[in-house]
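Structural overview
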Amino acid sequence: MTMRQSKLFVKTLRVAPKDEESINAKLLIQAGYVQKLMAGVYSFLPLGLIVLKKIENIIREEMNRVGAEEILMPALHPVENYEKTGRQAIEDLFHTTLNNKKKLVLGQSHEEVVVPLIQKYISSYRDLPLAVYQIQTKFRNELRAKSGLFRGREFIMKDLYSFHLSEDDLDVYYKLVQTAYQKIFDRVGISAKTFLTYAGGGTFSKTSHEFQTITESGEDTILICDKCHIAVNEGDLNLFPKCPKCGGELGKSTKSVEVANIFPLKSRYSDAFGMKVKDNNGQDKSVIMGCYGIGVTRLMGVVAELFCDEKGLIWPQEIAPFAVHLIGLSNNVKAEAEKLYEALQKANVAVLYDDRDSSSAGEKFADFDLIGIPIRVVLSDKTIDQKKVEVKYRTSQKIELIFIDQLISYINVW
């Protein structure tokens with residue numbers, strides 16, 4: 001993936017938007033990754049879409065590794081399905097009506113769709129276990145849409161649903177997905193600040209699990225066990241007054257944001273639709289379910305919130321929109337910069353080339369800091385005389401001089 005900055009229709013802003021409170025919204029808008037249409041609803045611009053797709057692909061790879069099959073379900077749902085599960089009146093549903101007066105809701109989750117879908121394809125214990133997932137836009141009628149990508153009315157979510165013959169089988173898969181989630185958070189760079197968090201399971205079970213990431217902009221509060229990296233949601237201290245894993249004392253409370261959750265649904269939704277399978281004795285049995293969600297757009301907001309400084313964003317390598325920000329500082333180096341741009345393309349190095357003639361060196365450097373690409377490569381009159389380029393990492397103040405013909409091997413080692 002390569003791009004000329006002169007062809008990028010989006011321009012960075014010199015000043016962060018004053019109507020945003022959260023760090024992630026301020027920086028993502030200022031750097032040209034997203035644009036707000038209204039509270040809780042954002043457009044993803046070219047750079048933002050690249051980052052979002054990279055996060056999606058990481059999630060997709062890890063879900064495929066645990067044997068889940070990807071599907072895509074509708075966002076428009078018949079309200080009758082929600083009447084079967086008793087969820088037609090939940091307050092965060094968006095309701096709408098067709099011209100023929102048929103009542104619909106916009107999907108805020110997909111239990112009411114996935115169960116009747118899978119029901120058409122399974123009838124025997126031989127068909128289980130089964131897991132399907134999707135990455136799709138969701139809609140929630142949030143009373144308080146705020147904190148940028150943290151709390152949206154329209155957002156992208158990965159939801160996985162698993163179907164089992166027994167609770168023991170569900171437990172095995174449940175732990176498998178826990179591990180997969182930890183791999184996802186490690187790959188996007190937030191694992192050090194993300195904690196498996198015990199919470200109440202509501203009507204489904206005594207316990208569910210959240211993955212909470214520490215950030216001052218978070219709306220949740222967790223208490224962390226210093227011994228085993230496990231946390232408890234503050235709202236569930238009556239259930240878990242001590243660490244549920246080691247029995248130790250919980251530490252002080254800290255603000256956090258929920259980036260994922262996993263629930264043992266048991267037979268709550270399968271029973272609502274009369275979903276049964278025959279076991280190996282020919283007896284009808286209820287299907288046991290689990291659900292596992294990750295807020296994809298929220299995850300992008302969390303990374304932006306954690307990886308930044310006073311100058312702008314600092315994207316982790318695996319989800320950065322480009323690996324290299326190539327900058328030419330004068331017309332004298334333009335021919336050599338074009339050659340280097342082509343060489344980087346041929347070497348499959350993802351590069352954003354700042355080829356703008358109207359921008360000063362200071363403006364170009366400021367945009368590099370704001371946009372947050374990992375490596376800056378600069379060609380100037382001074383460096384070209386030495387047949388070298390300046391190389392600087394976004395995470396460092398150190399500048400290195402590298403011979404042009406050694407740059408690609410240098411980057412590939414990184």
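To be clear, the structure that these remarks concern was listed above.
About the thresholds
Residues numbered from 1 in each chain as written. Predicted model: local features only at pLDDT ≥ 70, side-chain atom pairs only at ≥ 80, totals over all residues. Heavy atoms only, no water. 1 Å grid on protein atoms, 1.4 Å probe; cavity = no way out; pocket = protein on both sides within 12 Å on 5 of 7 lines; lining within 4 Å. Points joined across faces, edges and corners; volume = space filled by probe spheres on them. Nonpolar A, V, L, I, M, F, W, Y, C, P; charged D, E, K, R; others polar. Helix = DSSP H or I, 4+ residues; strand = E, 2+ residues; numbered from the N terminus. Pairing = 2+ DSSP bridges. Axes fitted to C-alpha atoms, helices over the stretch in contact; angles between N-to-C directions. Polar contact = N/O pair within 3.5 Å; in protein donor to acceptor, adjacent residues only side chain to side chain. Contact = heavy atoms within 4.5 Å. Buried < 20%, exposed > 50% of the residue type's maximum accessible area, 1.4 Å probe, protein only.

**Considering empty space enclosed by the protein**
The final tally for this structure, using the stated rule, is one cavity of 30 Å³ or more. Looking at the largest cavity, its volume works out to about 90 Å³. Taken together, Q5, L8, V10, K11, T12, A31, G32, L47, R356, D367 and I371 make up the full set of residues lining the largest cavity. Among the residues making up the lining of the largest cavity, the classes are represented as five nonpolar, three polar and three charged.

**Some details on the layout of surface pockets**
Estimates place the volume of the largest pocket at around 1,200 Å³. Together, 44 residues line the largest pocket, and R140, E258, N261, F263 and R298 are the ones closest to its centre. Elements that contribute at least two residues to the lining of the largest pocket include exactly strand 9 (154-164), strand 10 (194-200), strand 11 (207-214), strand 14 (253-266), strand 17 (288-295) and helix 7 (296-306). In terms of residue count, strand 14 provides more of the lining of the largest pocket than any other element does, eight residues in total. Split into classes, the residues belonging to the lining of the largest pocket amount to 18 nonpolar, 13 polar and 13 charged.

**Overview of the sheet that holds strand 6 (residues 94-97)**
Strand order in the open sheet formed by three strands is 5-7-6, with antiparallel pairing between adjacent strands. A strand with exactly one partner marks an edge of an open sheet, and here the two such strands are strand 5 (76-78) and strand 6. Strand-to-strand, the axes of this sheet are offset by a mean angle of 40 degrees, without reference to chain direction. Pairing of strand 5 with strand 7 (residues 103-106), which is carried by three bridges, proceeds in the antiparallel orientation. If you follow L76 over to strand 7, its bridge partner there is L106.

**Overview of the side chain of T383**
Along the chain, the position of T383 falls in helix 10 (residues 381-385). For T383, the side chain forms a polar contact with the main-chain nitrogen of S380, separated by 2.9 Å. Sequence-distant contacts of T383, that is, excluding residues within four places in its chain, are made with V378, K388, V389, E390 and L401.

**A few points about the environment of E336**
Here E336 lies in helix 8 (residues 334-346). The exposure class assigned to E336 is partly exposed, which follows from its relative accessible area of 24%. Considered as a pair, E336 and K387 are 51 residues apart in the sequence and their alpha carbons are 9.7 Å apart. In this structure, E336 is in contact with L379, I384 and I404, ignoring residues within four places of it in sequence.

**Topic: the sheet that holds strand 22 (residues 375-379)**
Taken in spatial order, the six strands make up an open sheet running 1-21-20-22-23-24, and their pairing is mixed. In this open sheet, the two strands that pair with only one neighbour each are strand 1 (2-4) and strand 24 (399-403). Strand-to-strand twist across the sheet, computed as the mean angle between neighbouring axes with direction ignored, equals 25 degrees. When strand 23 (residues 388-393) meets strand 24, the two strands line up antiparallel, connected through five bridges.

**Regarding the environment of E318**
Inspection of the secondary structure assignment puts E318 in the loop between strand 19 (312-313) and strand 20 (324-328). According to the relative accessible area criterion, E318 is partly exposed, its value standing at 36%. A sequence separation of 183 residues divides E318 from I135, and the C-alpha atoms of the two residues are 19 Å apart. Discounting chain neighbours no more than four positions away, the residues touching E318 are K54, I58 and R187. Looking at E318, its side chain comes within polar contact range of the side chain of R187, at 2.6 Å.

**A closer look at helix 9 (residues 361-371)**
Residue pairs spaced three or four apart in an α-helix point in one direction, given the helix's 3.6 residues per turn. Of the residues making up helix 9, those classed as buried are K364, D367, F368, D369, L370 and I371. One or two residues past the end of helix 9 sits G372, with phi positive at roughly 85 degrees.

**Quick notes on the pairing of strand 14**
When you tally the buried positions in strand 14, you get ten out of 14 residues, the bulk of the element. By the bridge criterion, six bridges tie strand 11 to strand 14 in an arrangement that is antiparallel. Bridged to T213 within strand 14 is V257. Bridging between strand 12 (residues 220-224) and strand 14 involves four bridges; their strand directions are antiparallel. Opposite I222, over in strand 14, you have T254 as the bridge partner. Bridge count for strand 14 against strand 17 is six bridges, and the pairing is antiparallel. When the bridges of strand 17 are listed, K266 appears paired with M289.

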